[in-house]
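Observations on the model geometry
The chain contents come next:
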Amino acid sequence: MALLEIKNLYASVAGKEILKGITLKLQPGEVHAIMGPNGTGKSTLSNVIAGRDGYEVTKGEVLLDGEDVLAMAADERARAGIFLAFQYPVEIPGVTTSAFLKTALNAKRRQEGKPEIDAMEFLKLVKAKTAQLGMPYDMIKRALNVGFSGGEKKRAEVLQMTMLEPRVAILDETDSGLDIDALRVVSEGVNSLRSPDRAFLVITHYQRLLDYIVPDHVHVLAHGRIVASGGKELALELEAEGYAKYLNAAA
Amino acid sequence: MAVTRETAAAVKEVEQYKYGFVTDIESDKAPKGLNEDIIRFISAKKNEPEWMLEYRLKAYRYWLTLSDEEPAWAKLHFPKINYQDSYYYAAPKREKLASLDEVDPKLLETYKKLGIPLLEQQMLAGVAVDAVFDSVSVATTYKKKLEEMGVIFSPISEAVHKHPELVKKYLGSVVPYSDNFYATLNAAVFTDGSFVYIPKGLRCPMELSTYFRINEKNTGQFERTLIIADEGSYVSYLEGCTAPQRDENQLHAAVVELIALDDAEIKYSTVQNWYPGDADGKGGIFNFVTKRGACRGKNSKIMWTQVETGSAITWKYPSCILQGDNSVGEFYSVAITNNRQQADTGTKMIHLGKGTRSKIISKGISAGHADNTYRGLVRIGAKADQARNYTQCDSLLIGDKCGAHTVPYIETRNPTAQTEHEATTSKIGDDQLFYCMQRGMTQEEAVSLIVNGFCKEVLQTLPMEFAVEAQKLVGISLEGSVG
Ligand SMILES: Nc1ncnc2c1ncn2[C@@H]1O[C@H](COP(=O)(O)OP(=O)(O)O)[C@@H](O)[C@H]1O
Ligand SMILES: [Mg+2]
């Protein structure tokens, strides 16, 4: 069974149809990349999977391990193992990154029937993960995303992902705005999580990221549809030739 | 489906105020209503000396001249209170207790439900508790140990007998009987409360704490607290309150007076969780409280921390009179209003001495149809050279049917004084909630996390054990506030 299956998905925002029949199958262990120009529905797809309000699914299904994801509330989806690294992470004033991580981690542990994490164990874990991502440990004392630079915000997203160890991780343009060093660190974070029972959906419009996170499949999204799929060579082709031919085909 | 949901909602609402139970205990009550006989009755019950009765009667007669002069300047709306329709004295029967073992087991059970371990062996180390049940102080723990250090921590009714010179000297010296409508009423009918005296130079090694509990129906609670920190001493005092869930409104009009002499410091923390009424605004406590501290001595300090989550109406302005040179007043407040609750709360910092400093940090959180007002006064007198004040008022709104208001008054009569005021208003956004929920938190956890972050600065000033409780309370009192 596929880990995440999206079947003929249609969705609208504010009465406007954005997704027009998306079908995707992520097998455990796979990394899929979705590429496409701005405004084609990439973030819409990730928001619909994660369960954000304001998106109306008019047709189709999303299944996690065969379970109906669309019937679950956003927090249930998260606890079932769906993680979204946001394109625009929001600021949470007053809430330290540390308090946030701990609350999120404990929500997951509760789902698994485990007790709340011990304070020492938590600190050890955060120390290890921040070091791995080249983040100063003191960052966890700052309010989450408040005053973070673009790159810090993206790292904080990856930090959360590596702490929560989701089953399916969706990265929505996590590479945008990163310099080459940050890109490498973030990619290493993702690669260290790659495992036979986890899948990734990596959204980007630069093929550069895919030099570091090598995908099993690449899809082109245009005007709400997947208009081409292939291996990692498709990304190189897009880099060289642009999206023009797909946009025309889809229009 | 709809019915199931309604039932679930009803059950949840009941669970929400987990202190809403009533203890079935026989009580000794004065007849309903208020007149001189009732005051004589209360005084006689407590076997009070003549001077105490005279004080009460003086207050009562003054109160009569005030009839219909309840303060009307606060942003609060409530029906006219009929002061004749209440009981002014209710005590659990069997009140003369020689030791804790004699306390009615039902009472102990009540305190257990409230999470207050009354018996010493069950106590949190280092916390001494005075428990006031309706009108009578039921048990004071750790008494012996405190006595050995020269600390007096007793029901005020006992202090009237054992330490009349201290009570006479200080009672009404910070909040005179003529101060305001509710304080005057309190001076006439107060039934019990705590008395604390910390001797010179002693840093009281344990938190002193009082729990107030209204149990009886139609009873007002009028407790009176008097704390005196003698030269160079320090005390941290915590007050907690709960009441059963009832459809009628009940009145709570307390008076708290603090006196800090030279180089003394008093830290007074309140976690107020009186029954707030139901989601439609039925029932709940009317909390009209006068709390004031006098920094009489040089370099003295009074610090108020309050976490106000309960009551249908909160009218409360813990204040500091900074008389001693270089004395310091601080006020840290979290006021949460949900559903139909109304809070009009803040502080007064009256700078009289030279070099006096004050700091005000107020966090108001409003949800549902609630109204939350910060009202504060900073007054700098002509002699208060180099006085300083810093005020920060932050409001957080949850939903769009609630209100937050900030009413800061600043009066400066000394050109060398400096005051600084900052205010913000923010809202919990849907995008913030979604972000948290995408990380697996329930909506309630998300609200609680964000709100606790918002008021962290205040909660941090609470004693450790109570900070944890207060954090939970913040979450509970906002349950059901979103969606
Ligand atoms: N909340 C919204 N309200 C109205 N239109 C929206 C909303 N979210 C997205 N859209 C529209 O949907 C289209 C796809 O947006 P998006 O999914 O963010 O694209 P991408 O991520 O591929 O750049 C755009 O035309 C955008 O304007
Ligand atoms: Mg996007």
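To be clear, the structure that these remarks concern was listed above.
These notes cover the structure that comes with them. Everything numeric in this text was worked out from a predicted model, so none of it was measured.

**Focus: the overall build of chain B**
Counting its regular elements, chain B contains twelve helices and 23 strands. Across the 483 residues that make up chain B, the buried fraction comes to 61%. Long-range contacts, defined as pairs at least 24 residues apart, comprise 83% of the intrachain contacts of chain B with a sequence gap of at least 6. Just so you have it, chain B exposes about 18,500 Å², and 50% of that area is on carbon and sulfur atoms.

**Quick notes on the sheet that holds strand β4 (residues 55-64) of chain A**
Backbone hydrogen bonds are what pair the strands of a sheet, in a parallel or an antiparallel way. Residues and elements named next belong to chain A. Taken in spatial order, the four strands line up as β2-β1-β4-β5 in an open sheet, and their pairing is antiparallel. The two strands at the open ends of the sheet, each matched to only one other strand, are β2 (16-26) and β5 (67-68). Across eight bridges, strand β1 (residues 4-13) lies against β2 in antiparallel orientation. Looking at β2, one finds that alanine 11 is bridged to leucine 19. With respect to the sheet, helix α1 (residues 42-50) is in contact with β1, β2 and β4, its orientation differing from that of β1 by roughly 110°.

**What to know about the site of ligand 1**
All names here are of chain A. Close contacts around ligand 1 come from Val13, Lys16, Ile18, Pro37, Asn38, Gly39, Thr40, Gly41, Lys42, Ser43, Thr44 and Tyr55, and that covers them all. Here an oxygen atom of ligand 1 and a side-chain polar atom of lysine 16 are 3.3 Å apart. Backbone polar atom of serine 43 to an oxygen atom of ligand 1: 2.8 Å apart, as the coordinates give it. Starting from 560 Å² of accessible surface for ligand 1 in isolation, the protein chains cover 61%. At the level of secondary structure, the elements contributing two or more residues to the shell around ligand 1 comprise β2 and α1. With three residues, the single largest contributor to the shell around ligand 1 is α1. Looking at the shell around ligand 1, its residues break down into four nonpolar, six polar and two charged.

**Section: the coordination of the magnesium ion (ligand 2)**
As a benchmark, a tetrahedral metal site with four donors has ideal angles of 109.5 degrees, while an octahedral site with six donors has ideal angles of 90 or 180 degrees. For the magnesium ion (ligand 2), the protein coordination sphere consists of Ser43 of chain A (OG) and Gln87 of chain A (OE1), at 2.1 to 2.2 Å. Taken together, the residues span a long stretch of sequence, with serine 43 of chain A in helix α1 and glutamine 87 of chain A in the loop between β6 (82-85) and α3 (97-111) at a distance of 44 residues.

**A short note on the environment of alanine 187 of chain B**
Residue and element names in this part refer to chain B. Looking at the secondary structure, you find alanine 187 in helix α8 (residues 181-189). Once the C-alpha coordinates of alanine 187 and tyrosine 60 are considered, the two residues, 127 residues apart in sequence, prove to be 7.6 Å apart. Apart from residues lying up to four places away in sequence, alanine 187 is in contact with Tyr55, Arg56, Ala59, Tyr177 and Arg224.

**Concerning the pattern of salt bridges**
Throughout the structure, instances matching the rule amount to 30 salt bridges over all chains. The salt bridge involving lysine 298 of chain B is made with aspartate 263 of chain B; its shortest N-O contact spans 3.2 Å. Taken as a pair, lysine 298 of chain B in the loop between β13 (284-295) and β14 (301-308) and aspartate 263 of chain B in the loop between β11 (255-260) and β12 (265-272) lie far apart in primary sequence, 35 residues in all. Here lysine 298 of chain B falls in the partly exposed class, since its relative accessible area comes to 39%. Here glutamate 411 of chain B makes a salt bridge to arginine 413 of chain B, at a shortest N to O gap of 3.8 Å. Connected through shared salt-bridge partners, Lys108, Glu112 and Lys114 of chain A make up one network.

**Observations regarding the interface of chain B and chain A**
Each partner contributes to the interface: chain B provides 16 residues, whereas chain A provides 32 residues. Regarding the contact of chain B and chain A, the summed buried area is about 2,000 Å², with carbon and sulfur atoms giving 65% of it. Broken down residue by residue, the surface that chain B buries against chain A is led by Phe434, Tyr435 and Arg439 of chain B, which jointly contribute 37%. In this assembly, chain B and chain A are joined by two salt bridges. Between arginine 110 of chain A and glutamate 445 of chain B there is a salt bridge; the shortest N-O distance is 2.7 Å. Run the count over chain B and chain A and you get twelve residue pairs in polar contact (both at pLDDT 80 or more). Only α9 (430-438) and α10 (443-454) of chain B provide two or more residues apiece to the side of chain B that touches chain A.

**Here's the deal with the packing of helix α3 (residues 50-66) of chain B against α8 of chain B**
Residue and element names in this part refer to chain B. Contact geometry of α3 with α8 gives a least axis separation of 7 Å together with a crossing angle of 145°. The two elements α3 and α8 cross, and the hand of that crossing is left-handed. Each of Tyr55, Arg56, Ala59, Tyr60, Tyr62, Trp63 and Leu66 in α3 lies in contact with α8, whose residues at this interface are Phe181, Thr184, Leu185, Ala187, Ala188 and Val189. By residue class, the composition of the contact of α3 with α8 is eleven nonpolar, one polar and one charged.

**Describing the nonpolar core**
Core analysis: the largest hydrophobic core is formed by 99 residues, its most contacted members being Ile6, Met161 and Phe200 of chain A together with Ile365 and Val451 of chain B. Contact partners of isoleucine 6 of chain A, with chain neighbours within four places excluded, come to Ile22, Thr23, Leu24, Leu45, Ile49, Glu61 and Val62 of chain A. Counting residues in each nonpolar core, the second largest holds 50 residues, with Leu66, Ile81, Ile156 and Leu226 of chain B among its members.

**Thoughts on α3 of chain B**
Residue and element names in this part refer to chain B. Here α3 is 17 residues long and its end C-alpha atoms lie 25 Å apart, about the 24 Å a rise of 1.5 Å per residue gives. Turning to α3, its buried residues number three or more, namely Met52, Leu53, Tyr55, Arg56, Leu57, Ala59, Tyr60, Trp63 and Leu66. If you follow the buried residues of α3, they end up packed against α2 (36-45), α6 (156-162), α8 and β8 (224-229). Downstream of α3 by one or two residues, aspartate 68 has phi in the positive range, about 70°.

**Quick notes on the packing of aromatic side chains**
To describe a pair of aromatic rings, you give the distance between the ring centres and the angle between the ring planes. Residues and elements named next belong to chain B. Throughout the structure, instances matching the rule amount to 18 aromatic pairs over all chains. Pairing phenylalanine 153 with tyrosine 237 gives two aromatic rings, centres 6.5 Å apart and planes at 85°, and the pair type is edge-to-face. Within this pair, whereas phenylalanine 153 is found in strand β5 (residues 152-155), its partner tyrosine 237 is found in strand β9 (residues 234-242), the two being separated by 84 residues in sequence. Taken together, Tyr60, Trp63, Tyr83, Phe181, Tyr182, Phe286, Phe288, Trp315 and Tyr317 form an aromatic cluster joined through their ring pairs.

**A word on the side chain of glutamine 438 of chain B**
Considering the arrangement of structural elements, one finds glutamine 438 of chain B in helix α9. Glutamine 438 of chain B gets classed as buried once you look at its relative accessible area, which sits at 1%. A distance of 2.7 Å separates a polar atom in the side chain of glutamine 438 of chain B from a polar atom in the side chain of arginine 439 of chain B. Beyond its immediate sequence surroundings of up to four residues, glutamine 438 of chain B is in contact with Ala50, Ala78, Ile82, Phe83, Leu84 and Phe86 of chain A.

**Quick look at the pairing of β8 of chain B**
Residues and elements named next belong to chain B. β8 sits mainly inside the fold: six of its six residues count as buried. Here β8 shows a buried face lined by Arg224, Leu226 and Ile228 and a second buried face lined by Thr225, Ile227 and Ala229. Examined bridge by bridge, strand β6 (residues 194-198) and β8 share four bridges and lie parallel to one another. In the strand pairing of β8, tyrosine 197 is matched with isoleucine 228.

Conventions used here
Every residue gets a number counted from 1 within its own chain, in the order that chain's sequence is written. Each chain gets a letter, beginning with A, and each ligand a number, beginning with 1, in the order they are written. Only residues with pLDDT of at least 70 get local features here, since the model is predicted, and only at 80 or more are side-chain atom pairs given and counted; chain-wide, interface and lining totals rely on the full set of residues. With hydrogens and water stripped out, all remaining heavy atoms of the structure feed into the side-chain values. Every helix listed is a DSSP run of H or I at least four residues long, and every strand listed is a run of E at least two residues long, numbered separately from the N terminus. Accessible area is worked out with a 1.4 Å probe on protein chains only. A residue is then buried under 20% of its type maximum, exposed over 50%, and partly exposed in between. By definition, residues are in contact when any of their heavy atoms lie within 4.5 Å. Note on areas: Shrake-Rupley, 1.4 Å probe, and residue coverage restricted to the protein chains presented here. At least two bridges found by DSSP between two strands are what make those strands a pair. Axis definition: a line fit to C-alpha positions, over the contact stretch in the case of helices; interaxial angles, taken between N-to-C directions, run 0 to 180 degrees. It suffices for a single heavy atom of a residue to lie within 4 Å of a molecule or strand for the residue to be listed as near it. Two N or O atoms form a polar contact when they lie within 3.5 Å of each other; inside protein one atom must be a possible hydrogen donor and the other a possible acceptor, and for residues adjacent in sequence the pair counts only when both atoms belong to side chains. By the convention adopted, Pro, Cys, Tyr, Trp, Phe, Met, Ile, Leu, Val and Ala count as nonpolar, Lys, Arg, Asp and Glu as charged, and the other residues, Gly among them, as polar. Each metal site is built from N, O and S donor atoms within 2.8 Å (3.2 Å for Na, K and Ca), and since water is not included, such sites may look incomplete. Just to be clear on terms, a salt bridge is a Lys or Arg side-chain nitrogen sitting within 4 Å of an Asp or Glu carboxyl oxygen. Defined here as a combined quantity, buried area equals the accessible surface (1.4 Å probe) lost by two parts on assembly, summed across both. By definition, any crossing whose near helix is turned counterclockwise from its far helix by less than a right angle is left-handed, and any crossing with a clockwise turn is right-handed. In these notes, a set of buried Ala, Val, Leu, Ile, Met, Phe, Trp, Tyr and Cys residues joined through side-chain atoms within 4.5 Å is what counts as a nonpolar core. The span one expects for a helix is its residue count, reduced by one, times 1.5 Å. Stacked, edge-to-face and tilted are the three classes for Phe, Tyr and Trp ring pairs, Trp counted by its six-membered ring, which pair at centre distances within 6.5 Å; planes under 30 degrees apart are stacked, over 60 edge-to-face, the rest tilted.

Such coordinate-based values are descriptive only and should not be taken to indicate function.
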